[in-house]
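A look at the structure
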Amino acid sequence: MSEQIYIIGDVHGCFNTLLELIKQFPNKEKSQICFVGDVIDRGLFSCDVVELIMQNDYKMVMGNHERRLLSNKFEFLNNKVPFDRSWFFGNGGEETYRSYLGQSVEFKQRHVDFLESRPVYLEFKDYKTQNGEHLVVSHSAVGNMWELRNDKYASEEFKRHLLSGRGDEMQVEGIFNVYGHTPVKEVKFYKNSADIDTGCVFNEVGYDKLSALEFPSMKIYTQRNVENFNKKDKDVVF
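Treat the numbers as computed from the prediction; the structure is a model and nothing was measured.

Before going further, it helps to examine the overall build of the chain. When helices and strands are counted, the chain shows eight helices and ten strands. Taken over the C-alpha trace, the chain has a radius of gyration of 17 Å; the compact-globule value for 238 residues is 18 Å, and the two agree within 12%. Looking at the chain as a whole, 55% of its 238 residues are labelled buried. Counted over contacts in the chain with a minimum sequence separation of 6, partners at least 24 positions apart contribute 65%. About 11,400 Å² of surface is accessible on the chain, with carbon and sulfur atoms providing 46% of the total. In the chain, 30 side chains carry a positive charge and 36 a negative one; their mean positions are 1 Å apart.

In structure tokens:
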């Protein structure tokens, strides 16, 4: 086991910023890297981000934006406007489509298969705080739903909460939960959890950086947004 693991907040297609952040990690070749989900949508380079994660065998949990893509995978694979227009036109789906233009159906299917296989949470029982809490990574805070993780009758409710829940700040004994989903201006620590989504893709004052947490040291790494959001080299044609 490596001495530390780096958990990276919501990337949202900000590939260049992600590369600059990873450069900061000491001993990154010997360390684990894990993503809290929402690696796609809104930014211009979702395809590149997913390929980087796959090529390097990085860990990743599913986010609500991955789930929305997968809910429209047939249209995505065939470059058709999806049924979920609010996602496509208002929540970054169009930018994700654009990033895959020129890729074959087989290439896109490989990415779809990868994203579909991502869990809604990952436990790292060998990584512990000084107080003995082991690491749990999820997209949204596990909060009061954690006790339902093995309840087959509540599995869908559990998944929905971990993908899209907000405002659940209940602290769970025995674990340290690192998550994203809800943007904060600075990484926000609670007793047994931390929100590390610092809103990189929004690229506005206060929400303009990508953050990572080194665990268990709790050291924070940040990278200011370096994307060029005006660059759109490809037109989406349906």
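Before going further, it helps to examine helix H1 (residues 15–23). Every buried residue of H1 is accounted for by Phe15, Thr17, Leu18, Leu21 and Ile22. An end-on view of H1 places all buried positions within 155° of arc, on one side of the element. The secondary structure elements touched by the buried residues of H1 are strand S1 (5–8), strand S2 (32–35), helix H2 (46–55), strand S9 (209–215) and strand S10 (219–224).

So, on to the nonpolar core. Ile8, Leu18, Phe25 and Phe35 are the most contacted members of the largest nonpolar core, which has 52 residues in total. If one sorts the elements of this core by residue count, H2 sits on top with six residues. Leave out the neighbours within four places in its chain, and Leu18 touches Ile8, Val11, Phe35, Val49, Leu52 and Leu210. Residues Val61, Tyr127, Val187 and Ala194 belong to the second largest nonpolar core, which totals 17 residues.

Here we come to the sheet that holds strand S4 (residues 121–128). Strand order in the open sheet formed by five strands is S4-S5-S6-S8-S7, with mixed pairing between adjacent strands. Each edge of the open sheet is held by one strand with a lone partner, namely S4 and strand S7 (188–189).

So, about the pattern of salt bridges. In total, this model carries nine salt bridges according to the counting rule given. Where Lys23 meets Glu20, a salt bridge forms, and the shortest distance between an N and an O atom there is 3.0 Å. Here the residue Lys23 and the residue Glu20 both occupy positions in helix H1, the gap between them amounting to three residues, near one helical turn. Glu20 gets classed as partly exposed once you look at its relative accessible area, which sits at 31%.

To continue, consider the environment of Leu44. With respect to the element layout, Leu44 can be found in the loop between S2 and H2. With a relative accessible area of 13%, Leu44 lands in the buried category. Separated by 32 residues in sequence, Leu44 and His12 have C-alpha atoms that sit 8.5 Å apart.

A few words now on the UniProt feature "domain: Calcineurin-like phosphoesterase" (unreviewed entry) in the chain. In the numbering used here, UniProt assigns the feature "domain: Calcineurin-like phosphoesterase" (unreviewed entry) to residues 5–183. Helix makes up 37% of residues 5–183 and strand 16%, with an end-to-end C-alpha separation of 22 Å.

This paragraph deals with the pairing of S2. Bridge count for S1 against S2 is four bridges, and the pairing is parallel. By the bridge assignment for S2, Tyr6 is matched with Ile33. Considered for its hand, the β-α-β crossover made up of S1, H1 and S2 is right-handed. Looking at chain direction, S2 and strand S3 (residues 59–60) are connected through two bridges and run parallel. Opposite Cys34, over in S3, you have Lys59 as the bridge partner. In this view, the connection linking S2 to its parallel neighbour S3 by way of H2 has right-handed handedness.

What follows is about the packing of aromatic side chains. Overall, the coordinates contain 14 aromatic pairs when judged by the stated rule. Ring geometry for Tyr121 versus Phe158: centroids 5.8 Å apart, planes at 90°, classification edge-to-face. Of the two residues, Tyr121 sits in strand S4 while Phe158 sits in helix H8 (residues 155–164), which places them 37 residues apart along the sequence. The residues Tyr121 and Phe158 share a single accessibility class, namely buried. Residue placement shows Lys108 over the ring face of Phe76; its charged tip is 5.1 Å from the ring centre. Above the face of the Phe114 ring, Arg118 is positioned so that its terminal group lies 3.9 Å from the ring centre.

With that out of the way, let us pick up the packing of helix H3 (residues 64–71) against helix H7 (residues 105–116). Each pair of packed helices can be described by the angle between their axes along with the distance between the axes. Relative orientation of the contacting elements H3 and H7 amounts to 130°, with a least axis distance of 10 Å. Between H3 and H7, the interaxial angle falls into the category oblique. H3 and H7 meet at a crossing whose hand is left-handed. Here Glu66, Leu69 and Leu70 of H3 come into contact with H7, specifically with Val112, Leu115 and Glu116. Along the lines of polarity and charge, the residues of the contact of H3 with H7 split into four nonpolar, no polar and two charged.

Rules and cut-offs
Just so you know, the residues in each chain are numbered from 1, in the order the chain's sequence is written. Given that this is a predicted model, residues contribute local features only at a pLDDT of at least 70 and side-chain atom pairs are listed and counted only at 80 or more, while totals for whole chains, interfaces and linings are drawn from all residues. The basis for the side-chain values is all heavy atoms of the structure; hydrogens and waters are excluded. Strands are runs of DSSP state E lasting at least 2 residues, helices are runs of H or I lasting at least 4, and numbering of each runs from the N terminus. With the radius of gyration taken over C-alpha atoms, the globule rule is written as 2.2 Å times the number of residues to the power 0.38. Relative accessibility under 20% of the residue-type maximum defines a buried residue, over 50% an exposed one, and the middle range a partly exposed one, all with a 1.4 Å probe and only protein chains included. Residues are treated as being in contact if the distance between any of their heavy atoms lies within 4.5 Å. Residue exposure ignores everything except the shown protein chains as possible cover, and the areas themselves are Shrake-Rupley values with a 1.4 Å probe. Charge assignment: positive for Lys and Arg, negative for Asp and Glu; neither His nor the chain ends contribute. To locate a charge, take atom NZ for lysine, CZ for arginine, CG for aspartate or CD for glutamate. Taken from the helix axis, the directions to the C-beta atoms give the arc we talk about. Among the buried residues, those of types Ala, Val, Leu, Ile, Met, Phe, Trp, Tyr and Cys that are joined through side-chain atoms within 4.5 Å form a nonpolar core. Any two strands with at least two DSSP bridges between them are considered paired. Any carboxyl oxygen of Asp or Glu within 4 Å of a side-chain nitrogen of Lys or Arg constitutes a salt bridge here. UniProt positions are given in the numbering used here, feature names are shortened, and annotations may be inferred rather than shown by experiment. The handedness rule is simple: strands pointing away from the viewer, and a clockwise path from the first strand over the helix to the second, make the crossover right-handed. Pairs were defined over the aromatic rings of Phe, Tyr and Trp, the Trp ring being its six-membered one, requiring ring centres within 6.5 Å. Orientation was assigned from the angle between planes: stacked under 30 degrees, edge-to-face over 60, tilted for the rest. Here, over-ring charges are defined by two tests on the NZ atom of lysine or the CZ atom of arginine: distance to the ring centre within 6 Å, and angle to the ring normal within 35 degrees. In this description, a line fitted to the C-alpha atoms serves as the axis of each element, helices being fitted only across the stretch in contact, and the angle between N-to-C directions of two axes falls anywhere from 0 to 180 degrees. The labels follow the angle: roughly parallel below 35 degrees, roughly antiparallel above 145, roughly perpendicular from 65 to 115, and oblique for the rest. Each helix crossing is assigned a hand: it is left-handed if the near helix lies turned anticlockwise from the far helix by less than a right angle, otherwise right-handed if that turn is clockwise. Only Asp, Glu, Lys and Arg are considered charged in this grouping, and only Ala, Val, Leu, Ile, Met, Phe, Trp, Tyr, Cys and Pro are considered nonpolar; every other residue, Gly among them, is considered polar.

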